[in-house]
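Residues per chain, in single letters:
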Amino acid sequence: LNTLAGRSYNDLMQYPVFPWIIADYKSSTLDLSDAKTFRNLSLPMGAQTPKRLEQFTERYKHFDDPMDDVPTRYYYGTHYSSAMSVASYLIRMEPFTQYFIKLQGGHFDLADRMFHSIPEFWRSASESNMADIKELIPEFFYLPEFLTNTNQFDLGVKQNTESLSNVILPPWSKGCPMEFIRVNREALESDYVSAHLHEWIDLIFGYKQQGKEAEKSHNVFHPLFYEGTVDIDTIEDPVRRNAVISFIHNFGQMPKQLFKRSHRPR
C-alpha cells in the first residue's frame, strides 16, 4: 500500500509509514490477547485519548489562520510523517545522521527533543504533545540496529543530566533491541491487529483520509498536506511560493488516496 501510494525508501519526504501498534510501554510482559495492549487503530494519533481529542476539537472549531490561502479548518498542523521525523528515528545510523544534521541546520537538535526513548515518544505522540502526532516507520518492525548508538555519536545531554546514547526501550523488551523488534512484529501480526488494521488503512490510505469521513474520524490535517490543494504554479509571489514549497518539504505529505470505500478486514 505504501508503494502504491507513492511512498518510497528513496524519499524522506514520502517515506513508508507504519502504525503505532502497542499502547503499553510500562509493563514487563505483554498480553497480546488483551485489547488494552493495543492502540486504537480506528483513530488517528491525535485522538488516542479523550482529553487530547477534546483539545484538538476545540482548535478545529475555533482556529482561524488568516495567512492560509485555503480557508479550511483542520485538527492537525503537523503531519504523522516527515523528512525530519524519519531522520530523527534513524539518527543513530548513517547516512541518516547526516540527513538529520543537514535538516537541522548543521548540528544536532537539543537533546531533550531528540529521539531517545520509545516509551517517552509514545506518550508524546499519543497524549502529551499537541505538536506531535507521529506514526512509525517500517524499521520498527525489522531493524534493531537503528536503536543502538553503534557509531558512538555525541547526541548531547538532557536537562536532567542524562546523556543520550542507545534508545531507551520499554520493560517488556528486556533491554534488548532484537526483543523489541520481535515483540513489536508479533503484535503487528496478532489476531487483534489483523481484525483492526483495515481501520488504520482507511485513515491513511482510504476513504477516511479526506472529506466528510475524515471529519467524522477527527482526521483532518492542514490543507497543504494534501495533494492538489494548492497549484504552486499559480502563486505569483515568489516568497509565498517558496514558503509553500518549504512547508510541504519540511512538514510532510499525505500518501495518495487509494480507496474510496472501507477496506475489508484481513
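Counting restarts for each chain, with residues numbered from 1 along the sequence as it is written. Residues qualify for local features only when their pLDDT is at least 70, as the model is predicted, and side-chain atom pairs are given and counted only at 80 or more; totals for whole chains, interfaces and linings, by contrast, use all residues. Note: side-chain values were computed over all heavy atoms of the structure, leaving out hydrogens and water.

1. Things to note about the pattern of salt bridges
Pairing is possible between side chains of opposite charge, provided their charged atoms come close.
Then step 1. A pair is scored as a salt bridge if a Lys or Arg side-chain nitrogen falls within 4 Å of a carboxyl oxygen belonging to Asp or Glu. Applying the stated criterion to the full structure yields 10 salt bridges.
Then step 2. When the shortest N-O distance is used, the salt bridge between Glu189 and Arg266 registers 3.0 Å. Of the two residues, Glu189 sits in the loop between helix H5 (177–188) and helix H6 (191–204) while Arg266 sits in the segment after helix H8 (238–251), which places them 77 residues apart along the sequence.
Then step 3. The classification of residues rests on relative accessible area computed with a 1.4 Å probe and restricted to protein chains. Under 20% of the type maximum is buried, over 50% is exposed, and intermediate values are partly exposed. Residue Glu189 is classed as partly exposed on the basis of its relative accessible area, which comes to 44%.
Then step 4. Residues joined by salt bridges that share partners form a network here, namely Glu120, Lys158 and Glu162. Runs of H or I in DSSP of at least four residues are treated as helices and runs of E of at least two as strands, each being numbered from the N terminus.

2. Considering unusual backbone geometry
Then step 1. The linkage connecting Glu94 with the following residue, Pro95, adopts the cis geometry, with an omega of 5°.
Then step 2. You can see Pro95 is positioned in the loop between helix H2 (83–89) and helix H3 (96–103).
Then step 3. A positive phi angle, near 55°, is found at His218, a position not held by glycine.
Then step 4. Tracing the backbone through its elements, the reader meets His218 in the loop between helix H7 (211–216) and H8.

3. Thoughts on the packing of aromatic side chains
Then step 1. The pairing test for Phe, Tyr and Trp rings, Trp by its six-membered ring, is centres within 6.5 Å, and the orientation test on the planes gives stacked under 30 degrees, edge-to-face over 60, and tilted for anything in between. Evaluation of the coordinates by the stated rule reveals 24 aromatic pairs.
Then step 2. Ring geometry for Trp20 against Phe140: centres 6.3 Å apart, planes inclined by 55°, an arrangement best described as tilted. You can see Trp20 sitting in the segment before helix H1 (50–62) and its partner Phe140 sitting in the loop between helix H4 (118–128) and H5, a full 120 residues away along the chain.
Then step 3. Through successive ring pairs, a cluster of aromatic residues spans Trp20, Tyr25, Tyr89, Phe115, Phe121, Trp122, Phe140, Phe146, Trp172 and Phe180.
Then step 4. By definition, being over a ring means that NZ of Lys or CZ of Arg is both within 6 Å of the ring centre and within 35 degrees of the ring normal. Lying across the ring of Tyr60, Arg73 places its NZ or CZ 4.5 Å from the centre.

4. Describing H6
Then step 1. The span expected for a helix works out to 1.5 Å for each residue beyond the first. Look at H6: 21 Å from first C-alpha to last across 14 residues, which is about the 20 Å you get at 1.5 Å a residue.
Then step 2. Two axes define the bend at a residue: one fitted to the seven residues ending there, one fitted to the seven starting there, and the bend is the angle between them. Along H6, the helix axis deviates most sharply at Leu197, where the bend reaches about 40°.
Then step 3. Of the positions making up H6, those classed as buried are Val193, Ser194, His198, Trp200, Ile201, Asp202, Leu203 and Ile204.
Then step 4. Any two residues whose heavy atoms approach within 4.5 Å are treated as being in contact. Next to the buried residues of H6 lie H5.

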